[in-house]
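# Commentary on secondary and tertiary structure
Chain by chain, the residues:
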Amino acid sequence: MNLIDWEQFEGIVDFSDPECLEIFDEFADELPSQLEELRALGAASNHPGVADLSHKLRGSCLTFGLVQVSEILTNLERDAKSGGDVNPDIWYDRLNVALEGSQQEISLRRNG
């Protein structure tokens, strides 16, 4: 699976538009702290909180074409809603690897 749906990403983000870049950069800057919040909710076994925040983040990530991150969040949301294991040891590292890979690909395209 690709990390990024470039058609979706480029339909939203125009690297030549400073205002557009500011919106994307704000999203990208806030995402790690939101994932940390999600990790804390999972560590506390707060299933409703994990489901709600996973859903919110999944939608935002899909908007920007971050498909692999979104897929992990979809699975986490499903597990939280079904009362499954939301312990961050299971998904947190995978989520961060997918996010880092996505950020690297975006940076290469942006600066290349």
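What comes next concerns the included structure. (Residues numbered from 1 in each chain as written. Predicted model: local features only at pLDDT ≥ 70, side-chain atom pairs only at ≥ 80, totals over all residues. Heavy atoms only, no water.)

### With respect to the pattern of salt bridges
If you walk through the whole model with that rule in mind, you get six salt bridges. With a closest N to O distance of 3.0 Å, glutamate 77 and lysine 81 form a salt bridge. Of this pair, glutamate 77 and lysine 81 both sit in helix α4 (residues 67-81), four residues apart, roughly one helical turn. In this structure lysine 81 comes out as exposed when scored by relative accessible area, which is 62%. (Salt bridge = Lys/Arg side-chain N within 4 Å of Asp/Glu carboxyl O. Helix = DSSP H or I, 4+ residues; strand = E, 2+ residues; numbered from the N terminus. Buried < 20%, exposed > 50% of the residue type's maximum accessible area, 1.4 Å probe, protein only.)

### A short note on a negative patch on the surface
On the surface, Asp14, Asp17, Glu19, Glu22, Glu26, Asp29 and Glu30 cluster together to form a negatively charged patch. Mapped onto the elements, glutamate 22 comes out in helix α2 (residues 18-43). Given a relative accessible area of 54%, glutamate 22 falls into the exposed group. (Patch = residues over 30% accessible without salt bridge, like charges linked within 9 Å, V, L, I, M, F, W, Y side chains within 5 Å. Areas by Shrake-Rupley, 256 points an atom, 1.4 Å probe, with all protein chains shown as cover. Lys, Arg positive; Asp, Glu negative; His and termini not counted. Charge placed at Lys NZ, Arg CZ, Asp CG, Glu CD.)

### Quick notes on the packing of α4 against helix α5 (residues 88-111)
The contact between α4 and α5 brings their axes to 8 Å, and the two run at 160°. The pairing of α4 with α5 is recorded here as roughly antiparallel in orientation. The element α4 and its partner α5 pack so that their crossing is left-handed. For the pair α4 and α5, the contacting residues are Gln68, Val69, Ile72, Leu73 and Leu76 in the first and Trp91, Arg94, Leu95, Ala98, Leu99 and Ser102 in the second. (Axes fitted to C-alpha atoms, helices over the stretch in contact; angles between N-to-C directions. Parallel < 35°, antiparallel > 145°, perpendicular 65-115°, else oblique. Left-handed = near helix turned anticlockwise from the far one by under 90°. Contact = heavy atoms within 4.5 Å.)

### Notes on the nonpolar core
Phe24, Leu31, Leu35, Leu38, Leu66, Val69 and Leu95 are the most contacted members of the largest nonpolar core, which has 33 residues in total. No other element matches the nine residues that α2 contributes to this core. Sequence-distant contacts of phenylalanine 24, that is, excluding residues within four places in its chain, are made with Phe9, Val13, Phe64 and Ile106. (Core = buried A, V, L, I, M, F, W, Y, C linked by side-chain atoms within 4.5 Å.)

### Observations concerning the packing of helix α3 (residues 47-63) against α4
Two elements in contact, α3 and α4, have axes whose closest approach is 8 Å; the angle formed by their N-to-C orientations is 155°. The angle between α3 and α4 falls in the class roughly antiparallel. For the pair α3 and α4, the sense of crossing is left-handed. Contacts between α3 and α4 pair His47, Val50, Ala51, Ser54, His55, Leu57, Arg58, Cys61 and Leu62 from the former with Val69, Ser70, Leu73, Thr74, Leu76, Glu77, Asp79, Ala80 and Lys81 from the latter.

### Details of the packing of aromatic side chains
A complete count under the given rule lists seven aromatic pairs for this structure. Taking 4.6 Å as the distance between ring centres and 25° as the angle between the ring planes, the aromatic pair formed by phenylalanine 27 and phenylalanine 64 counts as stacked. With phenylalanine 27 in helix α2 and phenylalanine 64 in the loop between α3 and α4, the pair connects residues that are 37 residues apart, well separated along the chain. In this structure, phenylalanine 27 and phenylalanine 64 share a single accessibility class: buried. A ring pair is formed by tryptophan 91 and tyrosine 92, whose centres lie 5.9 Å apart and whose planes are at 75°; its orientation type is edge-to-face. Just as tryptophan 91 is buried, tyrosine 92 falls in that class too. Taken together, the ring pairs in this structure connect Trp6, Phe9, Phe15, Phe24, Phe27 and Phe64 into an aromatic cluster. For the cation-ring pair, arginine 109 lies above tryptophan 6, with the distance from its terminal atom to the ring centre recorded as 3.8 Å. (Phe/Tyr/Trp six-rings, centres within 6.5 Å; stacked < 30°, edge-to-face > 60°. Lys NZ or Arg CZ within 6 Å of the ring centre and 35° of its normal.)

All quantities given are derived from atomic positions and should not be read as evidence of function.
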